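This is what each chain is made of:
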Amino acid sequence: MARTQKNKATAGHIGLLKARLAKLRRELITPKGGGGGAAGDGFDVAKTGDARIGFVGFPSVGKSTLLTTLAGVYSEVAAYEFTTLTTVPGCIKYKGAKIQLLDLPGIIEGAKDGKGRGRQVIAVARTCSLIFIVLDVLKPLGHKRIIEKELEGFGLRLNKQPPNIVFRRKDKGGINLQTMTQQSELDLDTVRTILSEYRIHNADITLRYDATADDLIDVVEGNRIYVPCIYLLNKIDQISIEELDIIYKIPHCVPISAHHKWNFDDLLEKMWEYLKLVRIYTKPKGQLPDYNSPIVLNTDHRSVEDFCNKLHRSIIKEFKYGLVWGSSVKHQPQKVGKDHVLEDEDVVQVVKKV
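Let me sum up the structure you'll find in this document. None of the values given here were measured: they were computed from a predicted structure. Each chain carries its own residue numbering, running from 1 in the direction its sequence is written. Only residues with pLDDT of at least 70 are given local features in this predicted model, and only at 80 or more are side-chain atom pairs given and counted; all residues enter the totals for whole chains, interfaces and linings. Hydrogens and water molecules were not included; the side-chain quantities draw on all heavy atoms of the structure.

Time to look at the overall build of the protein chain. By the criteria applied, helices consist of DSSP H or I runs no shorter than four residues and strands consist of E runs no shorter than two, each listed in order from the N terminus. When you go through the protein chain residue by residue, the secondary structure sums to 9 helices and 16 strands. Classification of the 354 residues of the protein chain by burial places 44% in the buried group. Once local pairs closer than 6 in sequence are excluded, the contacts in the protein chain between residues at least 24 apart make up 64%. Summing over all exposed atoms, the protein chain offers an accessible surface of approximately 19,000 Å²; the carbon and sulfur share of this is 51%. Exposure classes here rest on a 1.4 Å probe applied to the protein chains alone. A residue is buried below 20% of its type maximum, exposed above 50%, and partly exposed in between. Contacts are assigned to residue pairs that have any heavy atoms within 4.5 Å of one another. For every accessible area listed, the method is Shrake-Rupley and the probe measures 1.4 Å; residues are considered covered only by the protein chains on display.

Structural data, given as structure tokens:
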């Protein structure tokens, strides 16, 4: 495929090959048949806290040292590779939120194909709200490319938004393609070729931006995970100040030293920004707000209804209205309904039906 010239004549052929590759990869991710239940021993860790962060990286880049210094949990550290053989969980409390940290075993090239138990490692990474890719600062770019390729091959999309493509199957009527903007790669024939590989002959597709064949395959597959990611360039005590200034300009990167605990405040601040969490404080009637234990919600789900469901499922059934203090309302307090969207550090008092 890499040797094929890219032009209008070969676009359909390349699209077909990409669709076939995606199908074969999916079969690798979800192996057929039962049995072999012990294969994931030590990898499945119960999800706790408000968010989950996985440390992904090559062996001996400092993942275990980072977990030990951040969370105070002992994860075995030694001078040889593959010291960590199972998932080691830890937990930190930051700005009132409990965040679970997972030290995953080191992955190697070919992990997505099952080498070095890489499949189990990446399967755990798929369940995380944020991924820390830990890199050695002396050889970052080569490792970064390999790890990205392994994670992408397993259906993880790092620091990307889901494609703005509407895909709707139907019973008859053939393939109907609508484009909102000029397309450089996809046309009706290419779309038909890709969908025929999935045995889809009747569908409505709307492309709202200049999409690629990979974007369309991601939408049709429907099992892609879009997750934010921060690249941690560890061992900065081994480079000069000038090199550090250059590293700081790379997007989504935080240079740190896990051993010397350098730049951890910057790392935690960036972690909070990428997790997109909001803190909501509860206020019982006639009492002061409880500022010590906030209810932590995700930015995408932060309505009063989500807040009530996080407290207890039964509250929304008895919900009459809410009183809100904070930046999401004009008046302090303001009476709101269950659909009101809350902002960070709002104070909420729930009034129940009598």
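Moving on, we come to the pattern of salt bridges. Salt bridges are counted wherever a side-chain nitrogen of Lys or Arg sits within 4 Å of a carboxyl oxygen of Asp or Glu. One pass over the full model with this rule turns up 14 salt bridges. The salt bridge partner of Asp218 is Arg224, with a shortest N-O separation of 2.8 Å. On the accessibility criterion, Asp218 (9% relative accessible area) is buried. Classification of Arg224 by relative accessible area gives buried; the value is 15%. Salt bridges linked by common partners bring Arg157, Asp218 and Arg224 together as one network.

This paragraph deals with the sheet that holds strand β11 (residues 253-255). One open sheet accounts for 6 strands, arranged β2-β3-β1-β4-β10-β11; its pairing is mixed. Each end of this open sheet is capped by a strand with a single partner; those strands are β2 (88-94) and β11. Within this sheet the neighbouring strands show an average axis-to-axis angle of 25°, counted without direction. Bridge count for strand β4 (residues 130-136) against strand β10 (residues 229-234) is 6 bridges, and the pairing is parallel. Bridge pairing in β10 links Leu135 to Leu233. Along the sheet, helix α8 (residues 264-275) contacts β1 (51-57), β2, β3 (97-103), β4, β10 and β11; its crossing angle with β2, the most-contacted strand, is approximately 90°. Paired strands, as defined in this entry, are two strands with at least two bridges between them according to DSSP. Axis definition: a line fitted to C-alpha atoms, limited for helices to the stretch in contact. Angles are taken between N-to-C directions and run from 0 to 180 degrees.

Our next topic: the packing of helix α2 (residues 63-71) against α8. Two elements in contact, α2 and α8, have axes separated by 13 Å at closest approach and are oriented at 90°. Judged on the interaxial angle alone, α8 and α2 are roughly perpendicular. When α2 is examined against α8, the residues Leu66, Thr69 and Leu70 are found in contact with a partner set consisting of Phe264, Leu267 and Leu268. By definition in this entry, angles of less than 35 degrees are roughly parallel, angles greater than 145 are roughly antiparallel, angles of 65 to 115 are roughly perpendicular, and the rest are oblique.

Each neighbour pair has its own omega, and for Gln332 with Pro333 the value is -10°, a cis peptide bond. Relative to the helices and strands, Pro333 resides in the loop between β14 (319-325) and β15 (334-336). In this model, Lys261 sits at a positive phi of 60°, which is unusual for a non-glycine residue. Here Lys261 lies in the loop between β11 and α8. Here Asn263, not a glycine, exhibits a phi torsion of approximately 65°, which is positive.

Attention now moves to the layout of surface pockets. Only protein atoms enter the calculation, which uses a 1 Å grid: trapped sets of points that fit a 1.4 Å probe without letting it out are cavities, open sets showing protein on both sides within 12 Å along at least five of seven lines are pockets, and any residue with an atom within 4 Å of a point is a lining residue. Grid points are joined across faces, edges and corners, and a volume is the space filled by probe spheres set on the points. Approximately 430 Å³ is the volume found for the second largest pocket. What lines the second largest pocket is a set of 13 residues, among which Gln161, Tyr226, Val227, Pro228 and Lys276 lie closest to the centre. Every element with two or more residues in the lining of the second largest pocket is listed here: β9 (225-227) and α8. Tallied by class, residues from the lining of the second largest pocket come to 6 nonpolar, 4 polar and 3 charged. For this classification, Asp, Glu, Lys and Arg are treated as charged, while Ala, Val, Leu, Ile, Met, Phe, Trp, Tyr, Cys and Pro are nonpolar and the rest, including Gly, are polar.

Turning our attention to the nonpolar core. The criterion is simple. A nonpolar core is a set of buried Ala, Val, Leu, Ile, Met, Phe, Trp, Tyr and Cys residues joined through side-chain atoms within 4.5 Å. Leu66, Ile99 and Met271 are the most contacted members of the largest nonpolar core, which totals 58 residues. It is α8 that contributes the most residues to this core, 7 residues altogether. Setting aside residues no more than four positions away along its own chain, Met271 makes contact with Ile53, Ile92, Tyr94, Ile99, Leu130, Phe132 and Ile230. One finds Ala22, Ile175, Ala203 and Ala213 within the second-largest nonpolar core, a separate group that totals 19 residues.

Here Asp136 lies in strand β4. A residue is classified by how much of its surface remains accessible, and Asp136, at 9% relative accessible area, is buried. Other than its neighbours up to four places away in sequence, Asp136 contacts Val61, Asn234 and Lys235.

If you check helix α4 (residues 140-153), its first and last C-alpha atoms are 20 Å apart, about what 14 residues at 1.5 Å a residue would give, namely 20 Å. Of all the residues in α4, the buried ones are His143, Ile147, Glu150, Leu151 and Gly153. Buried residues along α4 cover an arc of 165° about the axis, so they all sit on one side. Looking at α4, the residues exposed on the side facing more than 90 degrees away from the buried face are Leu141, Arg145 and Lys149. Of the residues trailing α4, Gly155 is marked for its positive phi of about 90°. A helix is expected to span 1.5 Å multiplied by its residue count minus one. Picture the helix axis, draw a direction to every C-beta atom, and the arc is the one those directions span.

Read these as geometric descriptors, not functional statements.
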